[in-house]
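Structural overview
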Amino acid sequence: MNFVAIIGIVENLTESTLNDNRTLCIKVEKISQDHTDADWYDIVNVNLDKEMFQQEINNISRGCIIGIKGRIKFINEQMHLIGERVQVF
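This write-up is about the structure you can find in this document. Quick caveat, the model's predicted, so the values are computed rather than measured. (Residues numbered from 1 in each chain as written. Predicted model: local features only at pLDDT ≥ 70, side-chain atom pairs only at ≥ 80, totals over all residues. Heavy atoms only, no water.)

Here we come to unusual backbone geometry. Even without being glycine, asparagine 76 reaches a positive phi, approximately 50°. When you line up the elements, asparagine 76 lands in the loop between strand E4 (65–75) and strand E5 (78–88). Not every positive phi belongs to a glycine, and glutamate 77 is a case in point at roughly 60°. (Helix = DSSP H or I, 4+ residues; strand = E, 2+ residues; numbered from the N terminus.)

Pairing in this closed barrel of 5 strands is mixed, and the strands run E1-E2-E3-E5-E4 around the ring. Adjacent strand axes in the sheet meet at a mean angle of 55°, parallel and antiparallel pairs treated alike. (Pairing = 2+ DSSP bridges. Axes fitted to C-alpha atoms, helices over the stretch in contact; angles between N-to-C directions.)

In terms of strand pairing, strand E1 (residues 4–15) meets E4 through 6 bridges, oriented antiparallel. Along E4, the bridge assignment pairs glycine 8 with isoleucine 66. As defined by bridge partners, E1 adjoins strand E2 (residues 22–29) across 6 bridges and the pair is classed as antiparallel. Among the inter-strand pairings, threonine 14 is bridged to a residue of E2, identified as threonine 23.

Overall, the coordinates contain 6 salt bridges when judged by the stated rule. For arginine 62, the salt bridge identified is with glutamate 11, shortest N-O distance 2.8 Å. Residue arginine 62 is found in the loop between helix H1 (54–59) and E4, and its partner glutamate 11 is found in strand E1; the two are separated by 51 residues along the sequence. Judged by relative accessible area, arginine 62 falls into the exposed class, the value being 63%. Glutamate 11 sits in the partly exposed class, given a relative accessible area of 22%. Residue glutamate 84 pairs with lysine 69 through a salt bridge whose shortest N-O separation is 3.1 Å. In this pair, glutamate 84 is assigned in strand E5 and lysine 69 in strand E4, connecting sequence segments 15 residues apart. The exposure class assigned to glutamate 84 is partly exposed, which follows from its relative accessible area of 35%. Within this structure, Glu11, Lys27 and Arg62 form a network of salt bridges that share partners. (Salt bridge = Lys/Arg side-chain N within 4 Å of Asp/Glu carboxyl O. Buried < 20%, exposed > 50% of the residue type's maximum accessible area, 1.4 Å probe, protein only.)

Right, let's talk about the nonpolar core for a bit. By size, the foremost hydrophobic cluster in this structure holds 17 residues, and its most contacted members are Leu24, Ile26, Leu48 and Ile66. Breaking this core down by element, the ones donating at least two residues are E1, E2, strand E3 (41–48), E4 and E5. (Core = buried A, V, L, I, M, F, W, Y, C linked by side-chain atoms within 4.5 Å.)

Function cannot be read off these values alone, since they describe shape.
In structure tokens:
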């Protein structure tokens, strides 16, 4: 099964080089308890279909909490996360 679920804080939303889509950068909390205050999160990039998620993209701003359901896809031998469902909280 190819399934990814992520909840995080929006860091950035940029134009993607893949098919005129958008790339959403979100901060995701690390589960390790050994991190410092400056190292409590990882940055995860998620590709969003610009047309499918137009309403959600308009509501996304830096610092908002977002949930994403998606899948992993290999493009040019690189792993990409593809958003299939987006929830802005």
